[in-house]
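A closer look at the structure
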Amino acid sequence: MTYPGRWWIPVLAIPVLFLLWLSVELTNIAFGPSLGGHVSGYLGDAASAIVAVSYALSLFAPFALYHDRRYVSEHSEWTPTLLYLFVFVPLLNVPLASLYLVRRHRVVDTP
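Note that the coordinates shown come from a computational prediction; the quantities given were computed from them, not determined experimentally.

1. Observations regarding helix α1 (residues 8–35)
When the terminal C-alpha atoms of α1 are compared, their 38 Å separation across 28 residues agrees well with the 40 Å that a helix rising 1.5 Å per residue should span. Along its length, α1 reaches its greatest deviation from straightness, about 45°, at I29, and the proline P33 lies no more than four positions downstream. If you check which residues of α1 are buried, you get W8, P10, V11, I14, P15, L17, V24, N28 and G32. Along its buried surface, α1 packs onto α2 (37–75) and α3 (93–108). Following α1 by one or two positions, G36 has its phi on the positive side, about 105°.

Dropping the structure here:
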């Protein structure tokens, strides 16, 4: 395995990118009208780029989660269920990734 114990990092990026997108969108909603159309447009473009990266990462996340699942089952008593591989589904990816990382932290003590 190339990165033993570090396959959780792409899974962590899913909720982090969601929070980044949410903060950009809320900033655009709150301050967009007073900043002008150009800045508001740039914030909208930045939010779109974050969404695109998040979708690409969601397609890679099941691969990373599969390898991390193997690592966790070798280093603890917990074997994560295969249902976590549904992390590629857009509306489920943030809660599933967050739930997986919390449970992983309890049994492996990282991240």
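2. Some details on the nonpolar core
Membership of the largest hydrophobic core comes to 22 residues, with the highest contact counts inside it found for V11, I14, V72, Y84 and Y100. Elements represented by at least two residues in this core include exactly α1, α2 and α3. Sort the elements by how many residues they give to this core and α2 lands first, with 8 residues. Every residue in contact with Y84, bar those within four places of it in the chain, is listed here: L65, W78, L96, L99 and Y100.

3. Some points on the packing of α1 against α2
Direction vectors running N to C along α1 and α2 enclose 165°, while the axes themselves pass 8 Å from each other. The orientation of α1 relative to α2 falls into the category roughly antiparallel. Considering the relative orientation of α1 and α2, their crossing is left-handed. Of the residues contributing to the contact of α1 with α2, the split by class is 22 nonpolar, 7 polar and 2 charged.

4. Some points on the pattern of salt bridges
When the charged atoms of two side chains lie near each other, side chains of opposite charge can form a pair. Following the criterion strictly, the structure yields 1 salt bridge and no others. The salt bridge involving D68 is made with R104; its shortest N-O contact spans 2.7 Å. You can see D68 sitting in helix α2 and its partner R104 sitting in helix α3, a full 36 residues away along the chain.

The rules we used
- Positions within a chain are numbered from 1, following the residues in the order the chain's sequence is written.
- With pLDDT at 70 or above as the cut-off, local features in this predicted model cover only qualifying residues; side-chain atom pairs require 80 or more to be listed or tallied, and sums for whole chains, interfaces and linings still use all residues.
- For side-chain calculations, the full set of non-hydrogen atoms in the structure is used, while hydrogens and water are omitted.
- The helix count covers DSSP runs of H or I at least four residues long, the strand count covers runs of E at least two residues long, and both are numbered beginning at the N terminus.
- Here, expected helix span is obtained from the residue count minus one, scaled by 1.5 Å.
- We define the bend at any residue as the angle between the axes fitted to the seven residues before and including it, ending there, and the seven starting there.
- Three labels apply to residues, based on accessible area from a 1.4 Å probe with only protein chains included: buried if under 20% of the type maximum, exposed if over 50%, partly exposed otherwise in between.
- Residue contacts follow a heavy-atom distance rule, with two residues in contact if any of their heavy atoms lie within 4.5 Å.
- In plain words, nonpolar cores are sets of buried Ala, Val, Leu, Ile, Met, Phe, Trp, Tyr and Cys residues tied together by side-chain atoms within 4.5 Å.
- Every angle, taken between N-to-C directions, lies between 0 and 180 degrees, and every axis is a line fitted to C-alpha atoms, over only the stretch in contact when it is a helix.
- Just so you know how the angles are binned, under 35 degrees is roughly parallel, over 145 roughly antiparallel, 65 to 115 roughly perpendicular, and the rest oblique.
- Handedness of a crossing follows from how the near helix is turned relative to the far one, being left-handed for an anticlockwise turn of less than a right angle and right-handed for a clockwise one.
- When residue character is reported, Ala, Val, Leu, Ile, Met, Phe, Trp, Tyr, Cys and Pro are called nonpolar, Asp, Glu, Lys and Arg charged, and the others, Gly included, polar.
- Throughout this description, the term salt bridge denotes a Lys or Arg side-chain nitrogen within 4 Å of a carboxyl oxygen of Asp or Glu.

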